[in-house]
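Architecture at a glance
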Amino acid sequence: MPERKAPLYRQVLGVQFDRLPGKIQSLHDVTAPVTVSGLCQIRRGAHPLARLFGCLMGLPSAGSDVPVTVTFQPSRGGETWQRHFGGVGLRSHQSAARRPGHLIERIGPMNFLLEPRARPEGLDLVLCRVWILGLPVPRRLWPLVEANERVREGLFAFDVAIRLPLAGLLIHYQGWLRESKTS
């Protein structure tokens, strides 16, 4: 029988995975589909370029107490994350990168090389490279991404802010999740 690979974040982080708080470990230690749900606040940028880019990416509208669900679907090639903010879906695929300690997140025609950093207080994701349609994007055109996961009031909490050069805020969403069902 072939040996089963460890969950994606265990593979990428190695022994550093054990530094994460238990609730964050639990969410990233999936070997079967898991759905989590909660609420979030969403802010969107007002600059015309940010509005256009957000529309092209299919990003959700601004709002308070927006219902959010995320389904994590593990596969041999990584994990697919299907997010639903209210009625708006956003799908991405994450996989281990060739660079040790890094992962690739694919959203539509874009690929992001991310370095997850495990800390006792939670997980930070650091953007390292960007490609669109397989072509490298010059660093000065990269978005500024601030993304972290923490445990707040006993719940898994997330905070993701993305800003564009010249256009400012693209989207900032933050909130909490808890396991709702196992698919």
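Okay, so let's go over this structure.

The rules we used
Residues numbered from 1 in each chain as written. Predicted model: local features only at pLDDT ≥ 70, side-chain atom pairs only at ≥ 80, totals over all residues. Heavy atoms only, no water. Helix = DSSP H or I, 4+ residues; strand = E, 2+ residues; numbered from the N terminus. Rg over C-alpha atoms; globule rule 2.2 N^0.38 Å. Phe/Tyr/Trp six-rings, centres within 6.5 Å; stacked < 30°, edge-to-face > 60°. Buried < 20%, exposed > 50% of the residue type's maximum accessible area, 1.4 Å probe, protein only. Patch = residues over 30% accessible without salt bridge, like charges linked within 9 Å, V, L, I, M, F, W, Y side chains within 5 Å. Areas by Shrake-Rupley, 256 points an atom, 1.4 Å probe, with all protein chains shown as cover. Salt bridge = Lys/Arg side-chain N within 4 Å of Asp/Glu carboxyl O. Disulfide = S-S within 2.5 Å. Core = buried A, V, L, I, M, F, W, Y, C linked by side-chain atoms within 4.5 Å. Contact = heavy atoms within 4.5 Å. Polar contact = N/O pair within 3.5 Å; in protein donor to acceptor, adjacent residues only side chain to side chain.

1. Details of the overall build of the protein
Scanning the protein from terminus to terminus reveals three helices and eleven strands. Along the protein, helices (α) and strands (β) appear in the sequence α-α-β-α-β-β-β-β-β-β-β-β-β-β when read from the amino end. Here the C-alpha radius of gyration of the protein, 16 Å, is about what a compact globule of 183 residues would show, namely 16 Å. Along the first, second and third principal axes, the C-alpha atoms of the protein reach 55 × 35 × 30 Å.

2. Digging into the packing of aromatic side chains
Using the criterion set out here, one finds four aromatic pairs in the structure. Summarising the aromatic geometry, the rings of Phe 85 and Tyr 173 are spaced 5.1 Å apart at their centres and angled 70° between planes, so their arrangement reads as edge-to-face. Here Tyr 173 lies in strand E11 (residues 168-182) and Phe 85 lies in strand E3 (residues 78-85), a separation of 88 residues in the sequence. Like Phe 85, the residue Tyr 173 is buried in the burial classification.

3. Quick notes on the environment of Arg 10
One can find Arg 10 in helix H1 (residues 8-13). As a C-alpha pair, Arg 10 and Val 130 span 120 residues in sequence and 23 Å in three-dimensional space.

4. Let's talk about a nonpolar patch on the surface
Residues Leu 49, Leu 52 and Leu 56 make up a contiguous nonpolar surface patch of roughly 330 Å² in combined accessible area. Positionally, Leu 49 belongs in helix H3 (residues 48-57).

5. Comments concerning the pattern of salt bridges
Any two side chains of opposite charge can pair, on the condition that their charged atoms come close. Enumeration according to the criterion identifies seven salt bridges in this entry. Residues Arg 10 and Asp 18 are paired through a salt bridge, measuring 3.6 Å at the closest nitrogen-oxygen approach. Its relative accessible area of 52% is what places Asp 18 among the exposed residues. Glu 105 is the partner of Arg 83 in a salt bridge, and the nearest nitrogen-oxygen pair spans 3.0 Å. Residue Arg 83 is located in strand E3, and its partner Glu 105 is located in strand E5 (residues 103-107); the two are separated by 22 residues in the primary sequence. Side by side, Arg 83 and Glu 105 carry an identical accessibility label, which is buried. Beyond isolated ion pairs, a larger network of salt bridges with shared partners links Arg 10, Asp 18 and Asp 29.

6. Quick notes on the state of the cysteines
Within the structure shown, the criterion is met by zero disulfides. Cysteine Cys 40 shares no disulfide, and the gap to the nearest cysteine sulfur, in Cys 55, comes to 19 Å. For Cys 40, a relative accessible area of 0% corresponds to the buried category. Judged by its relative accessible area of 61%, Cys 55 is exposed.

7. With respect to the nonpolar core
Where a protein is soluble and globular, its nonpolar side chains tend to be buried together. Ranked by internal contacts, the top residues of the largest apolar core, which has 44 residues, are Tyr 9 and Phe 85. With residues up to four places along the chain from it excluded, the contact list for Phe 85 reads Cys 40, Ile 42, Pro 60, Val 66, Pro 67, Val 68, Leu 90 and Tyr 173. Membership of the second largest hydrophobic core comes to five residues, among which are Ala 97, Ile 104, Cys 128 and Trp 131.

8. Considering the side chain of Gln 94
By secondary structure assignment, the location of Gln 94 is in strand E4 (residues 88-96). On the basis of relative accessible area, Gln 94 is assigned to the buried category, the value being 1%. A distance of 3.4 Å separates the side chain of Gln 94 from the side chain of Glu 105, its partner in a polar contact. With residues up to four places along the chain from it excluded, the contact list for Gln 94 reads Leu 8, Tyr 9, Gly 77, Gly 78, Glu 79, Trp 81, Leu 103, Ile 104 and Glu 105.

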